[in-house]
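Read off the chains here:
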Amino acid sequence: MRLRWSMGLAVALFTSVLFGSENLVEFSDESLRSRYQTLITELRCPKCQNQNLADSNAPISKDLREEIQRMLEQKMSDREIKYHLTSRYSEFILYRPDVNKTTYLLWGSPFAILLMGLLAALRLNRRNKIDVGSLDKAVIDQESRIAELLKSGEDDK
Amino acid sequence: MKVVGGSSLNRLALFLPLALFAALTIVLLLGLDKDPSELPSALVGEPFPSFSLPALHDADRTLDERDVIGEVVLVNIWATWCFACRIEHAMLNQLAEQGVKVIGLNYKDNREAAIAWLKERGDPYAFSVFDEQGRLGIDLGVYGAPETYLLDATGTIRHRRVGVVDDRVWNNEFRDLYAQLMAVQR
C-alpha cells in the first residue's frame, strides 16, 4: 500500500515537472511576467468557447500566447495588445469587454435589474405598511367596541 | 374594505411579469438558432492585411498582399490536417472550374504533405501562400480551418465564412455578392 502511494506520488510529481517545463515562458524583463499572466487570463480562446488563453491548450491559444509574449517584448502597452487582438478576433476574445455602444446593455443590465428590484421592493413595502396600518386600526376599533359592549353589559347588570 | 386593483394602471401592472416572461422567451428562442462557436467578423470591411510569406510550391518565391489584391478573389485557408477541408475541396475545384479565382493560404502545415495533397485531389488555387507559423492567420483572425474570405478588387474583405463552403453556403452567402463585385470590376 505504502509502495503504491509513493509510486503514485512520484508519477504525479514527475508529470507535473514535464507539463511545467513545456509551458515555461522566458522574458527579457521579469516585470513583464505578471502582465503576461493577467493578459492570458483575461483573454478568451477564440476556438474553444469557455476557456481563457492560459487554460486552453488549443493550437490557436498557444499561438496567441506567443503573440502576446512577442508584443510584450516589443514594449507594447496592455491596451495596444488588446486592441491588436480585438481588431483581428473581435471583442469576443475579451473576457472583460470595454464599455461602448455595443456593450452598454451588457454592463448596464445588472444595474437596471437591481434598480427594478429595489423599486419593486419599495412598492411592496409601502403597500404592506398600509395594510398593516388599516388592520391595526380595525383591531383597535373592534377592541374598543368590545370594551364598550362589555361596559354596557356591566351597566345593565 | 379597499377594492384590490382599483385603478386600471394597477391592473395593467399585474400583466408585467407575463410580458417580461414573453419577451425573455422570444429572446431565448431567437438565440437557439445561433451558432455559439461563430465569432463576429472583425475584418469585414477592412483591407486584407499585409504579409510577406513564401509560396507553397516555390520556397524561394516571396508573396505579399500585392499578389492578392487587384481582382475579386476568394482566399481560402486550408491545411492537410484539417478534416473539413477534404469535404470542401471538391467545391473549390468546382468554383475554380467556373472561373472563380481562388487563392490558397496553407495554414500551419507541412510543405511536402500539402503539395502531395493538391497533386492527389486537384489544385483549385491560382497559388498557395505557405504560412507555416500561422502569422498571417493571426492577422486575419483565423481560429480554425477552413475559412474563406471574399475580397473585392481593392483588396477589401467583403465576406468571411468560417467553416466549409458548400453549395448551400455559396448560394446563400457568396453568389450574389460575388456577381455584384464582378459587375463592378468590369
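Above this text is the structure in question.
Per-chain numbering applies: the sequence of each chain, read as written, is numbered from 1 onward. Lettering for chains starts from A, numbering for ligands starts from 1, and both go in the order in which the items are written. For this predicted model, a pLDDT threshold of at least 70 governs which residues receive local features, and a threshold of 80 or more governs which side-chain atom pairs are given and counted, while totals over whole chains, interfaces and linings are taken from all residues.

**Observations concerning the overall build of chain B**
Okay, step 1: Put simply, DSSP marks the helices as runs of H or I at least four residues long and the strands as runs of E at least two long, and each gets a number from the N terminus on. If you tally the helices and strands in chain B, you get seven helices and seven strands.
Okay, step 2: Tracing chain B from N to C terminus, the helices and strands come up as α-α-β-β-α-β-α-β-α-β-α-β-β-α.
Okay, step 3: Taken against the 2.2 N^0.38 rule, which gives 16 Å for 186 residues, the C-alpha radius of gyration of chain B at 24 Å runs more than 25% over that of a compact globule.
Okay, step 4: Referenced to the eigenvectors of the C-alpha coordinate spread, the extents of chain B come out at roughly 95 × 40 × 30 Å.
Okay, step 5: Residues with at least 20 other C-beta atoms within 10 Å of their own are called buried, those with 12 or fewer are called exposed, and the rest are partly exposed. The C-beta atoms themselves are positioned from the backbone. Across the 186 residues of chain B, 28% fall into the buried class.
Okay, step 6: What counts as a contact here is a pair of residues whose C-beta atoms, placed from the backbone, lie within 7 Å. Contacts spanning at least 24 positions in sequence make up 71% of the contacts within chain B whose residues lie at least 6 apart. Here the globule rule is a power law, 2.2 Å times the number of residues to the power 0.38, and the radius of gyration is based on C-alpha atoms.

**Regarding the overall build of chain A**
Okay, step 1: Looking only at helices and strands, one finds five helices and zero strands in chain A.
Okay, step 2: Reading the helices (α) and strands (β) of chain A from amino to carboxyl end gives α-α-α-α-α.
Okay, step 3: Within chain A, the fraction of its 157 residues that count as buried is 13%.
Okay, step 4: A sequence separation of at least 24 residues applies to 42% of the contacts in chain A between residues at least 6 apart.

**A word on the environment of R33 of chain A**
Residues and elements named next belong to chain A.
Okay, step 1: Mapped onto the fold, R33 is located in helix 2 (residues 31-42).
Okay, step 2: By the C-beta count within 10 Å, which is 14 here, R33 ends up partly exposed.
Okay, step 3: Each C-alpha atom, one on R33 and one on S144, is 79 Å from the other, the two residues being 111 residues apart in sequence.

**What about the environment of T156 of chain B?**
Residue and element names in this part refer to chain B.
Okay, step 1: On the secondary structure map, T156 appears in the loop between strand 6 (147-151) and strand 7 (157-162).
Okay, step 2: T156 gets classed as partly exposed once you count the C-beta atoms within 10 Å, which come to 16.
Okay, step 3: For the pair T156 and A55, spaced 101 residues apart in sequence, the C-alpha separation works out to 22 Å.

**Considerations on the interface of chain B and chain A**
Okay, step 1: Contacts between the two partners involve 14 residues from chain B and, on the opposite side, 12 residues from chain A.
Okay, step 2: Each residue gets one label: Ala, Val, Leu, Ile, Met, Phe, Trp, Tyr, Cys and Pro are nonpolar, Asp, Glu, Lys and Arg are charged, and the others, such as Gly, are polar. Looking at the side of chain B that touches chain A, its residues break down into eight nonpolar, five polar and one charged.

**Observations regarding the pairing of strand 6 of chain B**
Successive side chains on a regular strand alternate, one facing one side of the sheet and the next facing the other.
Okay, step 1: Burial analysis of strand 6 of chain B places five of its five residues in the buried class, which makes it a mostly covered element.
Okay, step 2: Taking every second residue as pointing to the same face, both faces of strand 6 of chain B are buried, with E147, Y149 and L151 of chain B on one and T148 and L150 of chain B on the other.

**Section: unusual backbone geometry**
Okay, step 1: Here A145 of chain B and P146 of chain B are connected by a cis peptide whose omega angle stands at -5°.
Okay, step 2: Relative to the assigned elements, P146 of chain B resides in the loop between helix 6 (135-140) and strand 6.
Okay, step 3: The backbone of K75 of chain A shows a phi angle near 65°, a positive value even though the residue is not glycine.
Okay, step 4: Tracing the backbone through its elements, the reader meets K75 of chain A in the loop between helix 3 (59-73) and helix 4 (78-89).
Okay, step 5: Although it is not a glycine, K108 of chain B adopts a positive phi angle of roughly 50°.
Okay, step 6: Following the sequence through the fold, K108 of chain B ends up in the loop between strand 4 (102-107) and helix 5 (111-121).

**Remarks on the sheet that holds strand 7 of chain B**
Residue and element names in this part refer to chain B.
Okay, step 1: Strands are labelled as partners when DSSP assigns at least two bridges between them. Judged by pairing direction, the sheet is mixed, and its five strands sit side by side in the order 5-4-3-6-7 without closing on themselves. In the strand order of this sheet, the two ends are held by strand 5 (128-131) and strand 7, each with one partner. Each strand axis lies, on average, 15° off the axis of its neighbour in the sheet, ignoring direction.
Okay, step 2: With four bridges joining them, strand 4 and strand 5 adopt parallel strand pairing. Opposite N106, over in strand 5, you have F130 as the bridge partner.
Okay, step 3: A fitted line through C-alpha atoms serves as each axis, taken over the contacting stretch for helices, and the angle formed by two N-to-C directions is quoted from 0 to 180°. The strands touched by helix 7 (residues 167-185) within the sheet are strand 6 and strand 7, with strand 7 carrying the most contacts at an inclination of about 165°.

**A closer look at helix 5 of chain B**
All names here are of chain B.
Okay, step 1: Taken residue by residue, helix 5 has A114, W117 and L118 as its buried positions. Viewed end-on, helix 5 has its buried residues packed into an arc of 95°, placing them on one side of the element. Of the exposed residues in helix 5, the ones pointing more than 90 degrees away from its buried face are E112, A116, K119 and E120.
Okay, step 2: In this structure, the buried residues of helix 5 make contact with strand 4.
Okay, step 3: Two residues or fewer after helix 5 comes G122, characterised by a positive phi angle close to 90°. Taken from the helix axis, the directions to the C-beta atoms give the arc we talk about.

**Here's the deal with the packing of helix 2 of chain A against helix 3 of chain A**
Residue and element names in this part refer to chain A.
Okay, step 1: For the pair helix 2 and helix 3, the least separation of the axes is 10 Å and the interaxial angle reads 145°. Taken as a pair, helix 2 and helix 3 cross one another with a handedness that is right-handed. Contact residues: helix 2 offers L32, R35, Y36, L39 and I40, while helix 3 offers R65, I68, Q69 and L72.
Okay, step 2: Tallied by class, the residues present in the contact of helix 2 with helix 3 amount to six nonpolar, one polar and two charged. Two helices crossing with the near one rotated counterclockwise from the far one by less than a right angle form a left-handed crossing, whereas a clockwise rotation gives a right-handed crossing.

**Quick word on the pairing of strand 7 of chain B**
Residue and element names in this part refer to chain B.
Okay, step 1: Relative to strand 7, strand 6 runs antiparallel, the two being bridged by five bridges. Directly across from E147, in strand 7, lies its bridge partner V162.
Okay, step 2: Hairpin connection of strand 6 to strand 7: five residues between the antiparallel strands, including G155 at a positive phi of 85°.

Everything listed here is a matter of geometry and, on its own, says nothing about what the molecule does.
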